[in-house]
Amino acid sequence: MTRALEAKVAILGKQAVGKTSLVTRYVHQTFSDRTPSTIGAQFVPVKIELDGWECRLQLWDSAGQERFRAMTQMYYRGANAVVLVYDVTSEDSFNDVDTWVQELRQNIDLDDTVVLLVGNKLDLARGSRQVDPARARAYIKEITGDETALLEVSCREDYGVIDVFCELASRLVRKQ
Ligand code: GDP
Ligand code: MG
């Protein structure tokens, strides 16, 4: 018998790191070099079947409001998982992750939340990398106690994107 779980997933990070691209790549198997148009709905529902579980995830992607911190609370309030996205070619975007973590700590119980750190734009890393994966791993280990919570991906080249969502589902299942 299949068991079902539902989870709210907040996708957070600085503007232009590729949050919408991550959702679009996973859900529609497409990529655009221009900023993908906003999804319109508050969240995108996806279903992942794993180990006898049907995981119904609500992916909350902020539609430009990441600049207005007051508006972002609804994205992470009640979230079962957070995906913190940065751009491996942007030091700034990596530093912004910690700002998110501080804000999350004040508003939700991070110890009871699945946390993944996603370094996007790996296709641009050669020559332009600003964030070393070892540093990102050390950071997320400090936050979650788990260095395997870092995944580097390229939405453009469709590298590692499926793994992000499988990893999310698998971590949510393990918490049941
Ligand atoms: P958001 O503001 O975090 O939602 O970021 P978007 O998904 O709108 O992406 C911002 C820009 O980065 C767009 O021009 C995307 O085409 C580009 N982008 C997203 N992912 C990648 C990637 O993996 N590689 C490259 N080279 N560009 C990307
Ligand atoms: Mg976006």
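Provided above is the structure to which this section pertains.
Residues numbered from 1 in each chain as written. Chains lettered and ligands numbered in written order. Predicted model: local features only at pLDDT ≥ 70, side-chain atom pairs only at ≥ 80, totals over all residues. Heavy atoms only, no water.

A. Seen up close, the side chain of Glu-54. Assignment of secondary structure puts Glu-54 in strand 3 (residues 53-61). In this structure Glu-54 comes out as buried when scored by relative accessible area, which is 15%. When near neighbours in sequence (up to four residues on either side) are disregarded, Glu-54 contacts Thr-2, Arg-3, Ala-4, Leu-5, Lys-47, Ile-48 and Glu-49. (Helix = DSSP H or I, 4+ residues; strand = E, 2+ residues; numbered from the N terminus. Buried < 20%, exposed > 50% of the residue type's maximum accessible area, 1.4 Å probe, protein only. Contact = heavy atoms within 4.5 Å.)

B. Structural context of the pattern of salt bridges. Under the criterion given, the structure shown has 11 salt bridges. Ionic pairing is found between Arg-56 and Glu-54, a salt bridge with its closest N-O pair at 2.8 Å. Using a relative accessible area of 37% as the deciding quantity, one classes Arg-56 as partly exposed. Between Arg-135 and Glu-91 there is a salt bridge; the shortest N-O distance is 2.9 Å. Linking Arg-135 in helix 5 (residues 133-144) with Glu-91 in helix 3 (residues 91-107), this pair joins segments that are 44 residues apart in sequence. (Salt bridge = Lys/Arg side-chain N within 4 Å of Asp/Glu carboxyl O.)

C. The arrangement of the layout of surface pockets in detail. Its volume calculated, the second largest pocket comes out at about 240 Å³. Lining the second largest pocket are Leu-110, Asp-111, Asp-112, Thr-113, Val-114, Val-115, Ile-143, Thr-144, Asp-146, Arg-171, Arg-174 and Lys-175. Only strand 5 (114-120), helix 5 and helix 6 (161-174) provide two or more residues apiece to the lining of the second largest pocket. Within the lining of the second largest pocket, the residues separate by chemical class into four nonpolar, two polar and six charged. (1 Å grid on protein atoms, 1.4 Å probe; cavity = no way out; pocket = protein on both sides within 12 Å on 5 of 7 lines; lining within 4 Å. Points joined across faces, edges and corners; volume = space filled by probe spheres on them. Nonpolar A, V, L, I, M, F, W, Y, C, P; charged D, E, K, R; others polar.)

D. Examining the sheet that holds strand 1 (residues 3-12) more closely. With mixed pairing, six strands are arranged side by side in an open sheet as 2-3-1-4-5-6. Edge positions in the sheet fall to strand 2 (44-50) and strand 6 (150-152), since each has one partner strand and no second. Recorded for the sheet is a direction-independent mean angle of 25 degrees between the axes of neighbouring strands. As judged from the four bridges shared by strand 1 and strand 4 (residues 81-87), these two strands associate in the parallel manner. Opposite Ile-11, over in strand 4, you have Val-83 as the bridge partner. On the sheet, helix 6 packs against strand 1, strand 2, strand 3, strand 4, strand 5 and strand 6 and is oriented at approximately 170 degrees with respect to strand 5. (Pairing = 2+ DSSP bridges. Axes fitted to C-alpha atoms, helices over the stretch in contact; angles between N-to-C directions.)

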